Amino acid sequence: MYDGIVQDLIDEFGRLPGIGPKSAQRITFHILQTPSFDVSRLSTLLGDVRDKVHFCEICGNVTEQERCSICRDARRNQTLICVVEDAKDVSAIERTREFRGLYHVLGGSISPIAGVGPDDLRITQLMQRLADGTVQEVILATNPNLEGEATATYLSRLLHTLEISVTRLASGLPVGGDLEYADEVTLGRAFEGRRAL
Ligand SMILES: [Zn+2]
């Protein structure tokens, strides 16, 4: 335990996901002991990310404008939508360079235990996007775990009423895992081998 501000900063870093007490202490001392460390830049970015970054009005991806760069890009295949749980999955899939369509970020997955139901996700917005008939295929790329599968099943039933082909990423993704942690090759292959639902 340290006194005052030092401990306060360690505690604050320790509240961040993935940062344990030791890392929190290491980061704090790095800032303290490195004169060249640009504290003002970090604090500006922290303020900016909260003030200037929000979610794309179409797909729910993160952006500094009303629409994200993917939705603004006319070269993207407008007939394909890949449905993911969260914005981190968009960047994981973009890294594979396997997919040139559009995305739809749900903002989570159906989880009765966590009290998340279909109404808590951006499903109405997805249905609105599909209404004009432009989209011909919806790829369900929710995580290969219990909640992700439940969400994919729910969506595939819902989408069955429309004349749109619905596919799910191929197996090969680690079951119980998170899409964002899958390596690019595995994720890329999962796209190629997606199957119809
Ligand atoms: Zn977008």
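Because the structure is a prediction, the values reported are computed rather than measured.

**Let's talk about the UniProt feature "zinc finger region: C4-type" (unreviewed entry) in the protein**
Point 1. Annotation from UniProt places "zinc finger region: C4-type" (unreviewed entry) at residues 56-71.
Point 2. As annotated, residues 56-71 comprises 19% helix and 12% strand, and the C-alpha atoms at either end are separated by 8 Å.

**Side note on the confidence of the model for the protein**
For any part of a model where pLDDT is low, the fine detail of the predicted coordinates should not be relied upon.
Point 1. Across the protein, pLDDT averages 92, with 96% of residues at or above 70.
Point 2. Per-residue pLDDT, averaged within each element of the protein, yields its smallest value for helix α8 (residues 184-192) (75) and its largest for strand β4 (residues 101-105) (98).

**Details of the pairing of strand β5 (residues 137-140)**
Moving residue by residue along a regular strand, the side chains alternate between the two faces of the sheet.
Point 1. Here β5 shows a buried face lined by E137 and I139 and a second buried face lined by V138 and L140.
Point 2. Examined bridge by bridge, strand β3 (residues 77-84) and β5 share 4 bridges and lie parallel to one another. Note that in β5 the partner of I81 across the bridge is V138.
Point 3. Sheet analysis places β5 next to strand β6 (residues 165-168), joined by 4 bridges and oriented parallel. Each bridged residue has a counterpart across the sheet, and for V138 the counterpart in β6 is V166.

**A few points about the nonpolar core**
Point 1. Counting residues in each nonpolar core, the largest one holds 39 residues, and the members touching the most others are C82 and I93.
Point 2. Mapped onto this core, the elements with two or more residues apiece are α4 (69-72), β3, α5 (87-96), β4, α6 (123-130), β5, α7 (146-159) and α8.
Point 3. For this core, the leading source of residues is β3, giving 5 residues.
Point 4. Once residues lying within four places of it in the same chain are set aside, the contact partners of I93 are C82, V84, F99, Y103, A141, L179, L187 and F191.

**Focus: the coordination of the zinc ion**
Point 1. Donor atoms from the polypeptide that bind the zinc ion are C56 (SG), C59 (SG), C68 (SG) and C71 (SG), placed at 2.3 Å.
Point 2. Taken together, the 4 donor atoms coordinating the zinc ion span angles of 102 to 119° at the metal, a pattern that classifies the geometry as tetrahedral.
Point 3. All donors to the zinc ion come from one chain, and their sequence spacing reads C-x2-C-x8-C-x2-C. Here the residue C56 occupies a position in the loop between β1 (54-55) and β2 (62-63), and C68 occupies one in the loop between β2 and α4, the gap between them amounting to 12 residues. In terms of burial, C56 and C68 fall into one category: buried.

Reading the values: the criteria
Residues numbered from 1 in each chain as written. Predicted model: local features only at pLDDT ≥ 70, side-chain atom pairs only at ≥ 80, totals over all residues. Heavy atoms only, no water. UniProt positions renumbered as here; feature names shortened; annotations may be inferred. Helix = DSSP H or I, 4+ residues; strand = E, 2+ residues; numbered from the N terminus. pLDDT = per-residue confidence, 0-100. Buried < 20%, exposed > 50% of the residue type's maximum accessible area, 1.4 Å probe, protein only. Pairing = 2+ DSSP bridges. Core = buried A, V, L, I, M, F, W, Y, C linked by side-chain atoms within 4.5 Å. Contact = heavy atoms within 4.5 Å. Donors = N, O, S within 2.8 Å, 3.2 Å for Na, K, Ca; no water. Tetrahedral: all angles 85-135°; square planar, octahedral: opposite > 155°, others 65-115°.

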